[in-house]
Amino acid sequence: MNILLYPEIVEASLPGLFKTILMIIGALVLLRFLGRVMIAKRNLDEERADLAREKAFVRERNEKLKNFGKVTVSKSKASPKGDVQDVDYEEIK
């Protein structure tokens, strides 16, 4: 009776079942591969960002070490370069 209502339905065959299983396995393998490629790309981007931060830190440290102990006097009202704090002092008697 079911065949009379839906004539386009065909009985499943063993080769068709194997094809379907192989296609599902292939899709899962492809998705896993793409996931690993995306993870590797993300790790490379993070590594590049870490390297850029490290270079900036080393550059700033070298600049501070180069000027360590040197005193500069500027007459401009603009704030000086770097992390400078203006502190008043009182003499102790």
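Predicted model, so just to flag it, every value in this text is computed and none were measured. Sequence order as written defines the numbering, with residues in each chain counted from 1. Local features in this predicted model are restricted to residues whose pLDDT is 70 or higher, and side-chain atom pairs enter the listing and the counts only when it is 80 or higher, whereas totals over whole chains, interfaces and linings include all residues. Side-chain descriptors were evaluated using all non-hydrogen atoms of the structure, hydrogens and water having been removed beforehand.

Draft legend 1. Spotlight on the overall build of the protein chain. A helix here means a DSSP run of H or I that spans at least four residues, while a strand means a run of E at least two residues long, and both kinds are numbered starting from the N terminus. From N to C terminus, the protein chain includes 2 helices and 0 strands. A 1.4 Å probe rolled over the protein chains alone gives each residue an accessible area, and that area as a share of the maximum for its type sets the label: buried under 20%, exposed over 50%, partly exposed in between. Relative to its full complement of 93 residues, the protein chain shows a buried share of 0%. Here, Shrake-Rupley sampling with a 1.4 Å probe gives the accessible areas, and only protein chains in the shown set may cover a residue. Within the structure as shown, the protein chain displays about 10300 Å² of accessible surface, and the carbon and sulfur contribution to it stands at 63%.

Draft legend 2. Looking closely at the pattern of salt bridges. The rule for a salt bridge is simple: a side-chain nitrogen of Lys or Arg has to be within 4 Å of a carboxyl oxygen of Asp or Glu. Counted according to the given criterion, the structure contains 5 salt bridges. The partner of E46 in a salt bridge is R42, with the nearest N and O atoms 4.0 Å apart. Note that E46 and R42 are positioned in helix α2 (residues 14-66) at a spacing of 4 residues, about one turn of the helix. Overall, the relative accessible area of 47% leaves R42 in the partly exposed class. D50 is the salt-bridge partner of R53, the closest N and O atoms lying 2.1 Å from each other. Of this pair, R53 and D50 both sit in helix α2, 3 residues apart, which is roughly one turn of that helix. Beyond isolated ion pairs, a larger network of salt bridges with shared partners links K41, D45 and R48.

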